[in-house]
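# Examination of the molecular architecture
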Amino acid sequence: DAMVIQNPRYQVTQFGKPVTLSCSQTLNHNVMYWYQQKSSQAPKLLFHYYDKDFNNEADTPDNFQSRRPNTSFCFLDIRSPGLGDAAMYLCATSRTQGANEKLFFGSGTQLSVL
Amino acid sequence: TQLLEQSPQFLSIQEGENLTVYCNSSSVFSSLQWYRQEPGEGPVLLVTVVTGGEVKKLKRLTFQFGDARKDSSLHITAAQPGDTGLYLCAVIQANAGGTSYGKLTFGQGTILTVHP
């Protein structure tokens, strides 16, 4: 059974129209991450939550926001999607933030911007 | 400058051939991970190597961590079409104080295609 679940699998939005992607986990992990992956590229970390503490990467655009209302759920909000935001968005979790920590990834949401 | 340099970027081979993917850096790491990602799915952890010189085997996959813990390789013997995917090496970075904060940084990835 899937342990990190992302919905929807495919999302189409219009240029400038706000969109929210969701992620839920059944692992009760402390840490949840959002990665952006463009075609044929490696995933790039946008931000992560350790419990309720939010940690933004320095180069993540202001257009991207996140919410974590409880341990199980985390949302990625794109306030005004541009064509360059079309990508696969991956949610991941880890129990803690140790040096050898294992991350568990969801199947991703493929976002298209028209 | 990339923290992790992976090569080759693309690899297209016939079923039954052997291949090696490399992951290099000028930095020293306490551990290094290898992930495999199939199209339309998230990455899945294959192995974590921790000790310099360590070799780990996973069926037809052999992973090696360099003696100086700066580089790693993934060797696949007798590749099969089911091995097709994106292979990513990754490390968990430490913050300025030297403490891990769980940020997983990936290499650029190697797209492997194995033809029947």
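Report on the accompanying structure. Predicted, not measured: the structure shown is a model, and the values here were computed from it.

A count of helical and extended segments in chain B gives zero helices and 11 strands. Overall, chain B shows an N-to-C arrangement of helices and strands of β-β-β-β-β-β-β-β-β-β-β. On the principal axes, the C-alpha backbone points of chain B span a range of 50 × 30 × 25 Å. Looking at chain B as a whole, 44% of its 116 residues are labelled buried. Across chain B, every contact between residues at least 6 apart in sequence was considered, and the portion connecting residues at least 24 apart equals 54%. Counting 8 positive and 9 negative side-chain charges, chain B places the centres of these two groups 7 Å from one another.

Moving on, we get to the sheet that holds strand β3 (residues 19-25) of chain A. Residues and elements named next belong to chain A. Across the sheet, which stays open at both edges, the four strands sit in the order β1-β3-β8-β7 with antiparallel pairing between neighbours. One side of each edge strand has no neighbouring strand; the edge strands of this open sheet are β1 (4-7) and β7 (64-67). Neighbour to neighbour, the strand axes of the sheet diverge by 20° on average, direction disregarded. Examined bridge by bridge, β3 and strand β8 (residues 73-78) share six bridges and lie antiparallel to one another. Bridge pairing in β8 links S22 to F75.

Attention now goes to the nonpolar core. By size, the foremost hydrophobic cluster in this structure holds 22 residues, and its most contacted members are B:L19, B:L32, B:W34, B:L74, B:I76 and B:L112. When contributions to this core are tallied by element, the ones reaching two or more residues are β2 (10-14), β3 (19-24), β4 (32-37), β5 (44-49), β7 (61-65), β8 (71-76), β9 (85-94) and β11 (110-115) of chain B. For B:L32, the residues in contact, after removing those within four places along its chain, are B:C23, B:V47, B:T48, B:V49, B:F65, B:S72, B:C89, B:A90 and B:V91. Listed in part, the 18 residues of the second largest apolar core include A:L76, A:I78, A:Y89 and A:C91.

What follows deals with the environment of A:N70. All names here are of chain A. Of note, N70 is situated in the loop between β7 and β8. For the pair N70 and T109, spaced 39 residues apart in the sequence, the C-alpha separation amounts to 21 Å. In this structure the side chain of N70 is engaged in a polar contact, spanning 3.0 Å, whose partner is the backbone nitrogen of S72.

Residues and elements named next belong to chain B. The strand order across the open sheet formed by five strands is β1-β3-β8-β7-β6, and the pairing between neighbours is antiparallel. With one partner strand each, in any of the chains shown, β1 (5-7) and β6 (55-58) form the two edges of the open sheet. Going across the sheet, the axis of each strand differs from the next one's by a mean of 15°, ignoring polarity. Here six bridges tie β3 to β8, and the two strands are oriented antiparallel to one another. Following the sheet pairing, C23 is matched in β8 by S72.

Turning our attention to the interface of chain B and chain A. Across the boundary between the two partners, chain B contributes 23 residues, which contact 23 residues of chain A. A combined buried area of about 1800 Å² lies between chain B and chain A, and 53% of that area is made up of carbon and sulfur atoms. Where chain B packs against chain A, one counts one salt bridge. For A:R9, the salt bridge is made with B:E41, and the minimal N-O distance between the two is 3.6 Å. At the boundary of chain B and chain A, one finds six residue pairs in polar contact (both at pLDDT 80 or more). Taken together, the elements giving at least two residues each to the side of chain B that touches chain A come down to β4, β9 and β10 (100-106) of chain B.

What counts, and at which threshold
Along every chain, residues carry numbers that run from 1 in the direction the sequence is written. Here the convention is simple: chains get letters from A, ligands get numbers from 1, in the order in which they are written. Given that this is a predicted model, residues contribute local features only at a pLDDT of at least 70 and side-chain atom pairs are listed and counted only at 80 or more, while totals for whole chains, interfaces and linings are drawn from all residues. Hydrogens and water molecules were not included; the side-chain quantities draw on all heavy atoms of the structure. Only DSSP runs of H or I covering at least 4 residues are called helices, and only runs of E covering at least 2 are called strands; the numbering of each starts at the N terminus. Relative accessibility under 20% of the residue-type maximum defines a buried residue, over 50% an exposed one, and the middle range a partly exposed one, all with a 1.4 Å probe and only protein chains included. In this description, contact between two residues means that some pair of their heavy atoms is separated by no more than 4.5 Å. Counted as positive: Lys and Arg. Counted as negative: Asp and Glu. His and the chain ends are not counted at all. Where a charge lies is defined by one atom per residue type, namely NZ (Lys), CZ (Arg), CG (Asp) and CD (Glu). Two strands form a pair only when DSSP identifies at least two bridges running between them. What counts as an axis is a line fitted to C-alpha atoms, over the stretch in contact for a helix, and the angles between N-to-C directions run from 0 to 180 degrees. What makes a nonpolar core is a set of buried Ala, Val, Leu, Ile, Met, Phe, Trp, Tyr and Cys residues whose side-chain atoms join them at distances within 4.5 Å. Think of a polar contact as two N or O atoms within 3.5 Å of one another; within protein, one of them needs to be a possible hydrogen donor and the other a possible acceptor, and neighboring residues in sequence only count if both atoms come from side chains. The quantity reported as buried area is the accessible area (1.4 Å probe) lost by two parts once they are put together, taken as the sum for both. Salt bridge, as applied in this entry: a Lys or Arg side-chain nitrogen positioned within 4 Å of an Asp or Glu carboxyl oxygen.

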